[in-house]
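# Close look at the chain arrangement
Here is how the chains run, residue by residue.
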Amino acid sequence: MKKLQKADYIKMYSFMLKIRRFEERAAQLYGMGKIGGFCHLYIGQEAVVVGILMTIDKNDSVVTTYRDHGHMIARGLDPKRIMAELTGREDGYSAGKGGSMHMFSKENNFYGGHGIVGAQVPIGTGIAFTHKYNGEKNICRTYIGDGAMNNGQVFEAFNLAALWKLPVLYIIENNKYGMGTSVDRAAAGLDLYKRGEAFGIPGEKVDGMNVFSVIEAADKAGKYVREGNGPYIIEVQTYRYRGHSMSDPAKYRTKEELDNYKQTDPIEIVKAEILKKKIATNDEIEKINKDTLEEIKNAAEFATNSPFPKDSELHTDVYL
Amino acid sequence: MSTEILMPALSPTMTEGNLSKWLIKKGDTIKAGDLIAEIETDKATMEVEAVDEGVVLDLLFKEGEAKIPVNKAIAIIGDPNEKVEVKKEAPIEKVIEEKKIEKNIETKIENKKADIIDTPSPKIEEDRNLSSEEITMRQALRDTMAEEMRKDNKVFILGEEVAEYQGAYKVTQGLLEEFGKERVLDTPISEHGFTGLAVGAAFKGLRPILEFMTFNFSMQAIDQIINSAAKTLYMSGGQINCPIVFRGPNGAAAQVAAQHSQDFSSWYSQVPGLKVIAPSTPYNAKGLLRSAISDPNPVIFLENEILYGLKGPVNNDINFSIPIGKANIEKEGKDLTIVTYSIMLQKSKEAALRLKEEYNLDAEIIDLQTLRPLDTETILNSVKKTNRLITVEESWPIGSVGSEIANIVQRDAFDYLDSPVIKVNSADVPMPYSLSLEKLYLPQVDDIINAAKKVSYIK
């Protein structure tokens, strides 16, 4: 397992907290009518993307689903510009044309942000194809929601990735519900990580509420893929505290279930570890909390003050 | 009694073949199912089995003889005891009969070819770099891909049967040998998956040429084409482009019925973010495919199976290209305008000849070449000159490319029109299988002539 430095703990805590505060603020702006359309929050799942982040090379590529704000923050993108995309302003990462579900940053090798369930899986496989074609040692991390694991193109992509030994790491974020349908009502066979077995793709299941478990699995899987052995699947067991999207009151699950997961809150786990290992004091953590809150507050202010795109932008970016 | 073994049609569009090898010799006794010959078509070399039984009395062609028409007798089998009698009794008659059959076949083939007139357009004649040699559309496409692959190693090709099989329609012949399996990739029958993969590769900077065995199968991948390839540049605020060419045969082939004979030109032309091209000759196929491969946007390149064998001169300059979005005035005229594209250009040209001969109507023919973006300027200028317009295309009538042209022309050249615009399309039904119904379904030369008469108020 990757040896974690003191700074790594602080980095993990800061990023996870930043994602949480960002999403809470996004929910607030949504309620105020500043953010429209669909808005899928990542609260509860922070350990997944931050755990993976700890094992990533900056030239590796990432592609994910529409629940993407946390992924962008973890990729080191500017929360101000992410939030400005949510508010549909010209400073947003997609200049206000993409919105919550469709955000990209080519310079950061972040390839979206895809709104169609499952579509990002062949795409991520194609990005991995390019790494291999170009003779690069990089890999593409392709995130998949549990809902997409019943989608045909996912298996077509698995087949191609295994057939051509492509450097792609598939990360199934199993947050237990595809919109309002629980995994056991959608998937025949609950071990989603085994769904690559028929193609010879190894897989494993990981506790996604615990960032340390995620790092351990991601590190091992990342090495396997980078060494040219072909694809690998990690199924990360996680949970979203909020509904599927802002318009979902999540009545399909009990309060007890939610409270139960909150007992193992991913951010609290890291914080407890930091205090236990005496990496930082309570005061120092408080300072991170305060700074993060401030940063996100500024992001929201930036995003609501950024101008709407010019009318002339309607017709740009259709063709290069 | 003797039986003739006829040159078989090994594909729906085959009209002739080469006898590459006999697997039997005179005097052999053959049973149904025995292999008798190797026949080479423009697509493949195949072994042919006997369907009748008997002793080989005669082989009518030598190995290596080429261009033997389909349905022509290539061997005679029968009972050897009757052999002498047959030969003695009716040798002359037999020959005459054969000649008759041959002639019938030739006439039939000529009729078939008459649908595809192959005279170079004036623009081609003006081309000083025109090759003296004529090549097929298939070869023009192949050569252009190879030329572009030599120039830029980010260009690669993938699709079903494109590598080892040399292409289901032989359009990728020889590419595997020259560029290797890293750049010429056979895919599983998995359109949704490999299209998404190719789109991802294009996002990341490669320049895939994706062959759909036919565009009918692009429906399996339509989400990746529309939602991913066409929209991502816009959704990413201009950051991520998708330099990919989706190519393959589109529209009707010959009697492959509803699921394998659909024209998707208007479907794709509706989508912002896509460019749509439909070549009609080897010449413009070369120029347009080069532009498509070099274009930084997703391009739908609609070929036509029946046109693959069409021969014509080309410009062999490896940098020769025809700009996307430019129509070609295939033939100038003053009495009416025919706007068309792809295979219907050939039928329109034939109609124009007959319109001149039979009705003294001088039709101007515009070959769109690109369907999106549409060259409205060339269309409008023509209509302003001729004051009459018909559109001719293979797609279904509702919401077709012609529908949009009719809309543009009534909006921007209303005062120039002397008659309503008339569209000639395929029938508004799924493609039937039967030869007779298929012919009814597709626009024919007579339909074009009737439309031209109608806009010219000729009864």
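Bear in mind that the values here come from a model prediction, so they are computed numbers and not experimental data.

## A short note on the overall build of chain B
- Secondary structure assignment for chain B yields 15 helices and 22 strands.
- A compact globule built from 459 residues would reach a C-alpha radius of gyration of about 23 Å, and chain B, at 24 Å, matches this within 12%.
- Oriented by its inertia axes, the alpha-carbon framework of chain B measures out at about 80 × 60 × 45 Å.
- When burial is assessed residue by residue, chain B has 48% of its 459 residues classed as buried.
- Counting only contacts in chain B whose residues sit at least 6 apart along the sequence, the fraction spanning at least 24 positions is 76%.

## Focus on the interface of chain A and chain B
- The interface of chain A with chain B comprises 32 residues on the first partner and 33 residues on the second.
- At the level of elements, α5 (120–133) and α6 (152–163) of chain A are the ones that each hand at least two residues to the side of chain A that touches chain B.
- Of all the elements, α5 of chain A adds the most residues to the side of chain A that touches chain B, at nine residues.
- Of the residues contributing to the side of chain A that touches chain B, the split by class is 16 nonpolar, twelve polar and four charged.

## A closer look at the environment of Glu 358 of chain B
- Position of Glu 358 of chain B relative to the elements: it lies in helix α11 (residues 344–359).
- Taking the C-alpha atoms as reference, Glu 358 of chain B lies 19 Å from Leu 389 of chain B; in sequence the two are 31 residues apart.

## A look at the pairing of strand β19 (residues 363–367) of chain B
Residue and element names in this part refer to chain B.
- Extensive coverage of β19 is indicated by the burial of five of its five residues.
- The pairing of strand β17 (residues 328–331) with β19 spans three bridges and is antiparallel. The residue of β19 that forms the bridge with Lys 331 is Ile 365.
- Between the parallel elements strand β18 (residues 336–340) and β19, the chain passes through α11 in a crossover that is right-handed.

## Overview of the packing of α6 of chain A against helix α6 (residues 191–203) of chain B
- For the pair α6 of chain A and α6 of chain B, the least separation of the axes is 8 Å and the interaxial angle reads 70°. Overall, the two elements α6 of chain A and α6 of chain B adopt an arrangement that is roughly perpendicular. When the axes of α6 of chain A and α6 of chain B are compared, the crossing they make is right-handed. In contact with Gly 152, Gln 153, Glu 156, Ala 157, Asn 159 and Leu 160 of chain A of α6 of chain A, α6 of chain B contributes His 192, Gly 193, Phe 194, Gly 196 and Leu 197 of chain B.
- Tallied by class, residues from the contact of α6 of chain A with α6 of chain B come to four nonpolar, six polar and one charged.

## Looking at the sheet that holds strand β4 (residues 35–40) of chain B
All names here are of chain B.
- One open sheet holds the four strands; their spatial order is β5-β4-β2-β7, and the pairing between them is antiparallel. Unpaired on one side and paired on the other, β5 (45–49) and β7 (68–69) mark the two borders of the sheet.
- With four bridges joining them, strand β2 (residues 16–22) and β4 adopt antiparallel strand pairing. In the sheet register, Trp 22 faces β4, and the bridge partner there is Ala 37.

## Considering the packing of helix α1 (residues 6–31) of chain A against helix α11 (residues 282–305) of chain A
All names here are of chain A.
- Where α1 contacts α11, the axes come no closer than 9 Å and their chain directions differ by 40°. Taken as axis vectors, α1 and α11 run oblique relative to one another. When the axes of α1 and α11 are compared, the crossing they make is right-handed. Contacts from Tyr 13, Ser 14, Leu 17, Lys 18, Arg 21, Phe 22, Arg 25 and Leu 29 of α1 reach α11 at Ile 288, Asn 289, Thr 292, Leu 293, Ile 296 and Ala 300.
- Classifying every residue of the contact of α1 with α11 by side-chain character gives eight nonpolar, three polar and three charged.

## Remarks on the domain arrangement of chain B
All names here are of chain B.
- By domain assignment, chain B separates into domain 1 (3–114), domain 2 (122–315) and domain 3 (328–455).
- A straight line from the C-alpha centre of domain 2 to that of domain 3 covers 25 Å.
- On the side of domain 3, 25 residues touch domain 2, which itself brings 25 residues to the contact.
- At the level of secondary structure, the elements contributing two or more residues to the side of domain 2 that touches domain 3 comprise α9 (265–269), β14 (275–277) and α10 (282–294).
- Taken together, the residues of the side of domain 2 that touches domain 3 break down into twelve nonpolar, ten polar and three charged.

## Here's the deal with the sheet that holds β17 of chain B
All names here are of chain B.
- Strands sit in the order β17-β19-β18-β21-β22 across an open sheet of five strands; the sheet is mixed. With one partner strand each, in any of the chains shown, β17 and β22 (422–424) form the two edges of the open sheet. The mean inter-strand angle of the sheet, taken between neighbouring strand axes irrespective of direction, is 25°.
- The strands touched by helix α15 (residues 445–455) within the sheet are β18, β19, β21 (389–392) and β22, with β22 carrying the most contacts at an inclination of about 180°.

About the criteria used
Residues numbered from 1 in each chain as written. Chains lettered and ligands numbered in written order. Predicted model: local features only at pLDDT ≥ 70, side-chain atom pairs only at ≥ 80, totals over all residues. Helix = DSSP H or I, 4+ residues; strand = E, 2+ residues; numbered from the N terminus. Rg over C-alpha atoms; globule rule 2.2 N^0.38 Å. Buried ≥ 20, exposed ≤ 12 C-beta atoms within 10 Å, placed from the backbone. Contact = placed C-beta atoms within 7 Å. Nonpolar A, V, L, I, M, F, W, Y, C, P; charged D, E, K, R; others polar. Pairing = 2+ DSSP bridges. Right-handed = clockwise from strand over helix to strand, strands pointing away. Axes fitted to C-alpha atoms, helices over the stretch in contact; angles between N-to-C directions. Parallel < 35°, antiparallel > 145°, perpendicular 65-115°, else oblique. Left-handed = near helix turned anticlockwise from the far one by under 90°. Domains from an automatic or database assignment.

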